[in-house]
Amino acid sequence: GERQIEPQYHVKAGEIFVKSENLDRAVNVFENYLRAYPRDKSAPKVRYTLALIYMYHVNNPYKGIHYLTQAVQYPGEGYNVEEAKALLEELRAQK
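The numbers attached to residues start from 1 for each chain and follow its sequence in the written order. The predicted origin of the model limits local features to residues at a pLDDT of at least 70 and limits the giving and counting of side-chain atom pairs to 80 or more, whereas totals for whole chains, interfaces and linings rest on all residues. Think of the side-chain values as coming from all heavy atoms in the structure, minus any hydrogens and water.

**Student:** Explain the packing of aromatic side chains residue by residue, including any values.
**Tutor:** Paired rings are identified among Phe, Tyr and Trp, the last through its six-membered ring, by centres lying within 6.5 Å, and are further divided according to the angle between planes into stacked (under 30 degrees), edge-to-face (over 60) and tilted (the rest). Considering all chains together, one arrives at three aromatic pairs under this definition. Ring centres of Tyr-48 and Tyr-79 lie 4.9 Å apart, and the angle between their planes is 20°; this geometry places the pair in the stacked category. Remark: Tyr-79 occurs in the loop between α4 (61–73) and α5 (81–94) and Tyr-48 occurs in helix α3 (residues 43–56); sequence separation between them is 31 residues. Ring plane angle 10° and centroid distance 6.0 Å describe the contact between Tyr-54 and Tyr-67, whose orientation is recorded as stacked. Think of it this way: any DSSP run of H or I at least four residues long counts as a helix, any run of E at least two long counts as a strand, and we number them from the N terminus.

Printed below as a string of C-alpha cells:
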C-alpha cells in the first residue's frame, strides 16, 4: 500500500524540518498530518514532538500541554512515555 506511504512521508518531512530547525514548517507539517491521520501509528510520537516544540521553541505552553496530555493518554512507540508523564506533571505543577 499506497495509504501507508502517505502518513509516513509527512512524519519524515516534519522530522527533517525539526533537524534543520525549520520549526514553523515542522509544526505545519505535523499538525496537517495529525488532522489527516489522527490514528496513524506515528501519531503519538508526533504529538510528543509537537509538545516539545511548543514548550521549548515556540513558547506556547498551553499547546505544549495539550499535545503532551494526548501523548500520555494515548501512548505509542518512538518516545519515552514515562518521561512524557513526568514532564506533564512538572508543567501542571508550575501552573
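Back to the text.
**Student:** Tell me about the pattern of salt bridges, and name the residues and values.
**Tutor:** Here, a salt bridge means any side-chain nitrogen of Lys or Arg that lies within 4 Å of a carboxyl oxygen of Asp or Glu. According to the stated counting rule, one finds three salt bridges in the structure shown. Between Glu-15 and Lys-45 there is a salt bridge, and its shortest N-O distance comes to 3.3 Å. Taken together, the residues span a long stretch of sequence, with Glu-15 in helix α1 (residues 2–19) and Lys-45 in helix α3 at a distance of 30 residues.

**Student:** Explain α5 to me, and be specific about the residues and the numbers.
**Tutor:** The span one expects for a helix is its residue count, reduced by one, times 1.5 Å. In a regular helix each residue adds 1.5 Å, so 14 residues correspond to 20 Å; α5 covers 20 Å between its end C-alpha atoms and thus fits that length. Listed as buried for α5 are Val-81, Ala-84, Leu-87, Leu-88 and Leu-91. The buried residues of α5 occupy an angular sector of 115° when projected down its axis, which confines them to one face. Of the residues in α5, the exposed ones pointing more than 90 degrees away from the buried face are Glu-82, Glu-89 and Ala-93. Any residue under 20% of the maximum accessible area for its type is buried, any over 50% is exposed, and the rest in between are partly exposed; the area is computed with a 1.4 Å probe on protein chains only. Each direction from the helix axis to a C-beta atom contributes to the arc, which is the arc of those directions.

Such coordinate-based values are descriptive only and should not be taken to indicate function.
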